[in-house]
Amino acid sequence: TEEKNASLKVKRDSIANLEQRAQGLPQDSPELRALAQDYSQQSEALQAEEQRAVAEQDAFNAQQIAEAYRLVTEAAAKLGTERGYSHVVQTRTGEVTFRSRGVAGTIQEILARNVIASPAADDLTQSLIDQFGVANVNIDAPVAPPATAQPVAPAAPVTTEPAKPQ
């Protein structure tokens, strides 16, 4: 990043130098036309380099987010197994991979792994926060103490009937 910033600064300084040299030159000056052409080329090159730098930084940030999510997912699966849970739920299973190369897309992929409902006692969030030593994490509700794993019979299918008019 420092290397890229230094390169961008050199380009910006060169453009500023062109602007300074152009001041006070007559509009019909051949030197002004040459400076204007050089200015245009250097500005386009700077803009392209800045766009590449932003894209590279976004891709790096996305990789960091994806790696953090992968680590948390692996730790949650391990912790669930240690506690005897038969399930640790997320909506996608298997290896954690991300197709997105940007932060926004990566976060959307993480949010696609949501859980609709689960018992509070089965929430591993606080244990994972403690395991990773993360500070200043606010969660909406206090986490209930972990429940001991008990075999659970499958739930009977739920059926609904339309309300009867009164």
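Predicted, not measured: the structure shown is a model, and the values here were computed from it.

About the thresholds
Residue indices begin from 1 for each chain and proceed along its sequence in written order. Thresholds applied to this predicted model are a pLDDT of at least 70 for local features of residues and 80 or more for the giving and counting of side-chain atom pairs; totals over whole chains, interfaces and linings are not thresholded and use all residues. As a convention, hydrogens and water are excluded, and side-chain values are obtained from all of the structure's heavy atoms. Only runs of H or I of at least four residues qualify as helices and only runs of E of at least two qualify as strands under DSSP, and these elements are numbered from the N terminus. We call two residues in contact whenever any of their non-hydrogen atoms come within 4.5 Å of each other. Orientation is described by axes fitted as lines to C-alpha atoms, over the contacting stretch for helices, and by angles from 0 to 180 degrees between their N-to-C directions. Roughly parallel means an angle under 35 degrees; roughly antiparallel, over 145; roughly perpendicular, 65 to 115; everything else is oblique. Left-handed describes a crossing in which the near helix is turned anticlockwise from the far one by less than a right angle; the clockwise case is right-handed. For this scheme, ten residues count as nonpolar: Ala, Val, Leu, Ile, Met, Phe, Trp, Tyr, Cys and Pro. Four count as charged, namely Asp, Glu, Lys and Arg, and the remainder, Gly too, count as polar. Note on terminology: a nonpolar core comprises buried Ala, Val, Leu, Ile, Met, Phe, Trp, Tyr and Cys residues joined through side-chain atoms within 4.5 Å. A 1.4 Å probe rolled over the protein chains alone gives each residue an accessible area, and that area as a share of the maximum for its type sets the label: buried under 20%, exposed over 50%, partly exposed in between. Polar contact is the term for a pair of N or O atoms within 3.5 Å; when the atoms are in protein, one must be able to donate a hydrogen and the other to accept it, and sequence-neighboring residues count only if both atoms are side-chain atoms. Each salt bridge in this description consists of a side-chain nitrogen of Lys or Arg and a carboxyl oxygen of Asp or Glu lying within 4 Å of one another.

K.L.:
Got a sec to walk through the overall build of the protein chain? Specific residues and values, please.
P.N.:
Secondary structure assignment for the protein chain yields four helices and zero strands. What you see in the protein chain, going N to C, is helices and strands ordered as α-α-α-α. For the protein chain, restricting intrachain contacts to residue pairs at least 6 apart in sequence, the fraction spanning at least 24 positions comes to 63%.

K.L.:
Go over the packing of helix 1 (residues 2-22) against helix 2 (residues 30-82), please, and point to the residues and values.
P.N.:
Between helix 1 and helix 2, the shortest axis-to-axis distance is 10 Å and the interhelical angle comes to 160°. Regarding the angle of helix 1 to helix 2, the classification is roughly antiparallel. Crossing of helix 1 over helix 2 shows left-handed handedness. Two secondary-structure elements touch here, helix 1 through Lys4, Ser7, Leu8, Lys11, Arg12, Ser14, Ile15, Leu18, Glu19, Arg21 and Ala22 and helix 2 through Leu32, Leu35, Asp38, Tyr39, Gln42, Ser43, Leu46, Glu49, Glu50, Ala53 and Glu56. In terms of residue class, the contact of helix 1 with helix 2 is made up of nine nonpolar, four polar and nine charged.

K.L.:
Which residues make up the environment of valine 10, and what values do they have?
P.N.:
Relative to the elements of secondary structure, valine 10 occurs in helix 1. Distance in space between the C-alpha atoms of valine 10 and leucine 46 is 9.8 Å, their sequence separation being 36 residues.

K.L.:
An account of the nonpolar core is requested, with residue identities and associated values reported.
P.N.:
Listed in full, the six residues of the largest apolar core are Ala75, Ala76, Leu79, Tyr85, Leu124 and Leu128. Of all the elements, helix 2 adds the most residues to this core, at three residues. If near-sequence neighbours (up to four positions away) are discounted, alanine 75 is found in contact with Leu128, Gln131 and Phe132.

K.L.:
Go over the side chain of serine 29, please, and point to the residues and values.
P.N.:
Here serine 29 lies in the loop between helix 1 and helix 2. Given the relative accessible area of 10%, serine 29 is considered buried. At 3.2 Å, the side chain of serine 29 and the backbone nitrogen of glutamate 31 are in polar contact.

K.L.:
Got a sec to walk through the pattern of salt bridges? Specific residues and values, please.
P.N.:
Per the counting criterion, the structure on display carries seven salt bridges. The closest approach of N and O atoms between arginine 70 and glutamate 67, which form a salt bridge, is 2.5 Å. One end of the pair is arginine 70 and the other is glutamate 67, both in helix 2 and three residues apart, which spans about a single turn. The class of arginine 70 is partly exposed, set by a relative accessible area of 26%. Judged by relative accessible area, which is 35%, glutamate 67 ranks as partly exposed. Here glutamate 74 makes a salt bridge to arginine 70, at a shortest N to O gap of 2.5 Å. Of this pair, glutamate 74 and arginine 70 both sit in helix 2, four residues apart, roughly one helical turn. By relative accessible area, glutamate 74 is classed as partly exposed at 44%. Among the charged side chains, a network of salt bridges with common partners joins Glu67, Arg70 and Glu74.

K.L.:
So, the packing of helix 2 against helix 3 (residues 103-111): which residues are in play, and what are the values?
P.N.:
Remark: helix 2 packs on helix 3, axes separated minimally by 8 Å, with the N-to-C direction vectors making an angle of 20°. Relative to helix 3, helix 2 is oriented roughly parallel. Seen from above, helix 2 lies across helix 3 with right-handed handedness. Here Asp58, Asn61, Ala62, Ile65, Ala66 and Tyr69 of helix 2 come into contact with helix 3, specifically with Val103, Thr106, Ile107 and Ile110. Grouping the amino acids of the contact of helix 2 with helix 3 by side-chain chemistry returns seven nonpolar, two polar and one charged.

Any functional reading would require information beyond the geometric quantities listed.
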